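# A structural walkthrough
This is what each chain is made of:
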Amino acid sequence: MIKSFPKDFLWGGAVAANQCEGAYNEDGKGLSIQDVTPKGMIAPMTEKPTEDNLKLVGIDFYHRYKEDIKLFAEMGFKVFRLSIAWTRIFPNGDDAFPNEAGLKFYDDVFDECHKYGIEPLVTISHYETPLNLAKKYNGWADRRTIGFFENYVRTIFNRYKGKVKYWLTFNEINSIIHIPLLGGIVKENPTKQELYQAVHHELVASAMATKIAHEIMPEAKVGCMVIAVPIYPLTPNPDDMIATLDADRSNMLFTDVHVRGKYPAYAERFFRENGIEIKTEPGDEEILKNTVDFISFSYYMSACQTSDPEKLKVKGNIMGGIKNPYLKESQWGWQIDPKGLRYVLNTMYDRYEKPLFIVENGLGAKDVLTDDGKGSKTVNDDYRIEYLNDHLVQIGEALEDGVEIMGYTTWGCIDLVSASTAQMSKRYGFIYVDRNDDGSGTLTRYKKKSFYWYKEVIKTNGKSLKD
Ligand code: BGP
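Below: a short report on this structure. (Residues numbered from 1 in each chain as written. Predicted model: local features only at pLDDT ≥ 70, side-chain atom pairs only at ≥ 80, totals over all residues. Heavy atoms only, no water.)

### A look at the pairing of strand 7 (residues 294-298)
Counting buried positions over the five residues of strand 7 gives five, a clear majority of the element. Alternating positions in strand 7 separate into two faces, Phe294, Ser296 and Ser298 on one and Ile295 and Phe297 on the other, with burial throughout. Two elements, strand 7 and strand 11 (residues 356-360), share four bridges in a ladder whose sense is parallel. Residue pairing in the sheet places Ile295 in a bridge with Leu356 of strand 11. (Buried < 20%, exposed > 50% of the residue type's maximum accessible area, 1.4 Å probe, protein only. Helix = DSSP H or I, 4+ residues; strand = E, 2+ residues; numbered from the N terminus. Pairing = 2+ DSSP bridges.)

What follows is the structure, encoded as structure tokens:
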């Protein structure tokens, strides 16, 4: 039996500007690193935007947001997670003044959400570092980026106070140690010293944003956002257990600083043994004390850890990891582990006793569009329904365990361009968007079977889920 979800549980879906908006150069928008990475986040950057970059058009959310938000409202969304493209507000990142047309766009989007009683949940920086900051300053590797970010957050907090209550600072802030470009670092093969210096700058910027948010919007709730990947020891060998502890800490470092307001004790040894000396400035220690109100995370998969360096690497979210023989995997090789979500919710809550918010979860799959028998088209995506149902059942278990959970936003509630592979064919949505990997398609929206399924889940506040 599923425990009933809290009355005010925030059901919804999530997207990111660079993966759905398109309109990459309209109304004064500047270029971000996403506009020059046509093959996904790990591929090399191009000189300038190229036609094969599906993100330049995305799913044209920029012009179709009213239609899309109406569909979200039809499903009964209580919350919609989206990101603000920094380069719509400050086209070069280091501009003195913001771009009014960009500010106005998000005003309109938030108003549209409120029209249906949908609360926006806004990611301030979702892999969208302005290209100019990446090229001129090497992104977050340069301390000056904190100042540019401060201008940006002050501007958006002042503008959207009263319209946006829930904020996330950096999407998957721990991703930078796996893919430096996600922190705007364009210099090839950065050293650990450079990487963790950039991490420090982001952590300071995140705490500073939290401080400013609380000053400008006392009612605001600010969260950090990390990739949550529960890590299991591959064998009971104590060496594997220690390797697991270390791997886990490389992620926990980020939530530890955000929640406890200081670096954890184990960081000192890690820095020392890796020759890392973080350069700090007076005031950093104080700033870091501005801790978050809640912890949010993406959850797609778990991984195993071993002390044996020869073991195979599994494909997956930017985290990688070792294959678990007990789990099935998605068409893109991501290991499917609903119980891992219960595990991660419990371990995070045990550690921090802070409210948790699952802001990304979902199945990237190839969908087949078929006639719905009523003159339109649909996708019979039972595999997606099963995936989401099984994860939500485990959220129910975690609630039963006593974990405080604010809400759940599925990733890519409407099909969008994949972050890792830049494909359209890796679809996550309840809503199918007619666009193909070669860029063809009408951009028409169709409701999938999962659309009606999720609507029922929300309507019954989880009671329609199947154990
Ligand atoms: C997360 C990102 C998202 C999203 C998701 C799915 O890492 O925060 O932006 O894209 O993963 O990944 P992908 O699009 O590569 O399938």
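From this point on, the discussion continues.
### What to know about the environment of Trp332
Checked against the element boundaries, Trp332 lands in the loop between strand 9 (328-329) and strand 10 (335-336). Between the C-alpha atoms of Trp332 and Ala365, which are 33 residues apart in sequence, the distance is 7.8 Å. Within polar-contact distance, the side chain of Trp332 engages the side chain of Gln423 at 3.1 Å. (Polar contact = N/O pair within 3.5 Å; in protein donor to acceptor, adjacent residues only side chain to side chain.)

### Some remarks on the packing of helix 11 (residues 338-352) against helix 12 (residues 382-400)
At a closest axis distance of 8 Å, the pairing of helix 11 and helix 12 adopts a crossing angle of 30°. Here helix 11 is positioned roughly parallel relative to helix 12, judged by the angle of their axes. Helix-helix and strand crossings are classified by hand; for helix 11 and helix 12 the assignment is right-handed. Across from Pro338, Lys339, Leu341, Arg342, Leu345 and Asn346 in helix 11, the residues of helix 12 making contact are Asp390, His391, Gln394, Ile395, Glu397 and Ala398. Split into classes, the residues belonging to the contact of helix 11 with helix 12 amount to five nonpolar, three polar and four charged. (Axes fitted to C-alpha atoms, helices over the stretch in contact; angles between N-to-C directions. Parallel < 35°, antiparallel > 145°, perpendicular 65-115°, else oblique. Left-handed = near helix turned anticlockwise from the far one by under 90°. Contact = heavy atoms within 4.5 Å. Nonpolar A, V, L, I, M, F, W, Y, C, P; charged D, E, K, R; others polar.)

### As for the site of the ligand
Taken together, the neighbourhood of the ligand is formed by 14 residues, with Gln19, Glu172, Ala419, Ser420 and Tyr428 sitting nearest. For the ligand, an oxygen atom lies 2.8 Å from a polar atom in the side chain of His126. Burial of the ligand by the surrounding chains reaches 99%, relative to a free accessible area of 380 Å². Its residues assigned to classes, the shell around the ligand shows five nonpolar, six polar and three charged. (Near = heavy atom within 4 Å. Areas by Shrake-Rupley, 256 points an atom, 1.4 Å probe, with all protein chains shown as cover.)

### Let's talk about unusual backbone geometry
Backbone geometry at Glu172 places phi at a positive 40°, although glycine is not the residue there. Tracing the backbone through its elements, the reader meets Glu172 in the loop between strand 4 (166-170) and helix 7 (192-216). Backbone geometry places Glu353, a non-glycine residue, at a positive phi of 50°. Among the structural elements, Glu353 can be located in the loop between helix 11 and strand 11.

### Quick word on the sheet that holds strand 11
Across a sheet, strands are paired by hydrogen bonds formed along the backbone, either parallel or antiparallel in direction. Strand order in the closed barrel formed by eight strands is 1-2-3-4-5-7-11-14, and the pairing between neighbours is parallel. With strand direction ignored, the average angle separating the axes of adjacent strands in the sheet is 25°. Note that strand 2 (residues 79-83) and strand 3 (residues 119-125) share five bridges and pair parallel. By the bridge assignment for strand 3, Ser83 is matched with Thr123.

### With respect to the packing of aromatic side chains
Counting across every chain of the model gives 33 aromatic pairs. With a centroid separation of 5.9 Å and 85° between ring planes, the pair formed by Phe77 and Tyr454 is classed as edge-to-face. Here Tyr454 lies in helix 13 (residues 449-459) and Phe77 lies in the loop between helix 2 (61-75) and strand 2, a separation of 377 residues in the sequence. As far as burial versus exposure is concerned, Phe77 and Tyr454 are alike and both buried. Ring centres of Trp140 and Phe149 lie 5.4 Å apart, and the angle between their planes is 75°; this geometry places the pair in the edge-to-face category. As far as the burial class goes, Trp140 and Phe149 line up, both buried. Taking the ring centre of Trp334 as reference, the NZ or CZ of Lys426 above it sits at 3.8 Å. Of note, Arg427 hangs over the ring of Tyr432, and the distance from its end group to the ring centre comes to 4.0 Å. (Phe/Tyr/Trp six-rings, centres within 6.5 Å; stacked < 30°, edge-to-face > 60°. Lys NZ or Arg CZ within 6 Å of the ring centre and 35° of its normal.)

### Quick word on the pairing of strand 14 (residues 405-411)
A large share of strand 14 lies buried, amounting to seven of its seven residues. Direction of pairing for strand 11 relative to strand 14: parallel, over a ladder of three bridges. Considered in strand 14, the bridge of Leu356 is made with Ile405.

### Some words on the environment of Val164
Checked against the element boundaries, Val164 lands in the loop between helix 6 (144-160) and strand 4. For the pair formed by Val164 and Asp107, sequence separation is 57 residues and the distance between their alpha carbons is 9.9 Å. Filtering out sequence-adjacent residues up to four positions away, Val164 remains in contact with Phe110, Pro120, Val122 and Met217.

### Focus: the nonpolar core
If you look at the biggest cluster of nonpolar residues, it comprises 130 residues, and the most contacted ones within it are Phe149, Trp167 and Phe297. At 13 residues, helix 7 tops the list of elements feeding residues into this core. Listed in part, the 10 residues of the second largest apolar core include Leu10, Leu121, Met225 and Met406. (Core = buried A, V, L, I, M, F, W, Y, C linked by side-chain atoms within 4.5 Å.)

### Some details on the side chain of Thr123
Along the polypeptide, Thr123 turns up in strand 3. Polar contacts involving the side chain of Thr123 include one to the side chain of Arg81, which spans 3.0 Å. Setting aside chain neighbours within four positions, we find Thr123 in contact with Arg81, Leu82, Ser83, Ile84, Leu168, Thr169 and Asn171.

### Focus: helix 11
Between its first and last C-alpha atoms helix 11 spans 22 Å; for 15 residues at 1.5 Å apiece the expected length is 21 Å, and the two agree. Among all positions of helix 11, only Pro338, Gly340, Leu341, Val344, Leu345, Asn346, Met348, Tyr349 and Tyr352 are buried. One or two residues past the end of helix 11 sits Glu353, with phi positive at roughly 50°. (Expected span 1.5 Å × (residues − 1).)

### A short note on helix 12
Here helix 12 is 19 residues long and its end C-alpha atoms lie 27 Å apart, about the 27 Å a rise of 1.5 Å per residue gives. Looking one or two places after helix 12, you find Gly402, whose phi comes out positive at around 100°.

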